[in-house]
Amino acid sequence: MSEIHVRQLTAHEEFEEAVRLQQEIWGFAPVDLLPVRLFVVASKIGGHVFGAFDGDRMVAFCLAIPGLKPGGKYYLHSHMLGVLPEYRDRGIGRMLKLEQRKDALARGFDLIEWTFDPLELRNAHFNIERLGVIVRRYVLNQYGTTTSRLHGGLPTDRCVAEWWIRTPWVEATLAGRHPKPPVEERISVPAEIGQLRSTDRRQAREIQREVSERFLDCFARGLTVTGFERSETAGTYLLGPWESA
């Protein structure tokens, strides 16, 4: 990865390139694109924008904005991270996340949150097993139906990732020692879900509906996603009790 470098974005021209990458990565119509002005605002109100570069070419970016929870807790919401298809599986997403964490720690944050599609199994594995996020909330159709080809016309149901960046849990995970707490429930998603989104949307929607019901039931009972397993046939979320480390 020596040829890839990450740096903070500040110039309008860089933000414009990030908007162009959105179109290339997700295939969004203009109505669904985050505009340049949002990148500008994020960079000026306590958020941040980072880009990953191969030489002078931007190949990935991430955007975070500050948030405030009920009760007055500040955190960062990592709203978007995208990597060009030909640069995936090269550790660039991890590089961007670690840069986010470094900046957040330096500024006194202890929590970064974002949402992710529970049907995107590789992303789920990365978030949970490589970064150490936990999941305790599930949102139905968070963004409505979008124009992205990656969403396959399905409702945008999302898990909410909580990345408690100062905890021993996250430190151990980043060092390659993800904790293995007791497991009380498992939620499995068939590995062919990605293909079904384009070949059999009706079946994909039925799987999504079943998965949603399982998550909502487990979270209502106070369980937390703390692990993830992959096999040739499925990706499986592992749920159990959670105590902040």
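Residues numbered from 1 in each chain as written. Predicted model: local features only at pLDDT ≥ 70, side-chain atom pairs only at ≥ 80, totals over all residues. Heavy atoms only, no water.

A. Just the pattern of salt bridges, in detail. Enumeration according to the criterion identifies 21 salt bridges in this entry. Residues Arg 7 and Glu 14 are paired through a salt bridge, measuring 2.5 Å at the closest nitrogen-oxygen approach. For Arg 20, the salt bridge identified is with Glu 17, shortest N-O distance 2.8 Å. Placement of both Arg 20 and Glu 17 in helix 1 (residues 12-26) is noted, with a separation of three residues, approximately one turn of the helix. Sharing partners across several salt bridges, the network here consists of Asp 117, Glu 120, Arg 158 and Arg 197. (Salt bridge = Lys/Arg side-chain N within 4 Å of Asp/Glu carboxyl O. Helix = DSSP H or I, 4+ residues; strand = E, 2+ residues; numbered from the N terminus.)

B. Geometry of helix 3 (residues 92-106). Under the 1.5 Å per step criterion, the end-to-end length of helix 3 is 21 Å for 15 residues, consistent within 8% with the ideal 21 Å. Here helix 3 has its buried residues at Ile 92, Gly 93, Leu 96, Lys 97, Gln 100, Arg 101, Asp 103 and Ala 104. The first or second residue beyond helix 3 is Gly 108, which carries a positive phi of 90 degrees. (Expected span 1.5 Å × (residues − 1). Buried < 20%, exposed > 50% of the residue type's maximum accessible area, 1.4 Å probe, protein only.)

C. Local environment of helix 4 (residues 121-131). Across the eleven residues of helix 4, eight count as buried, placing the element largely inside the fold. Buried residues of helix 4: Leu 121, Ala 124, His 125, Phe 126, Asn 127, Ile 128, Glu 129 and Leu 131, and no others. The positive-phi residue at the C-terminal boundary of helix 4 is Gly 132, with phi of around 90 degrees.

D. View of the side chain of Asp 103. Examined against the element boundaries, Asp 103 turns out to sit in helix 3. Excluding residues within four positions of it along the chain, Asp 103 makes contact with His 48 and Phe 50. (Contact = heavy atoms within 4.5 Å.)

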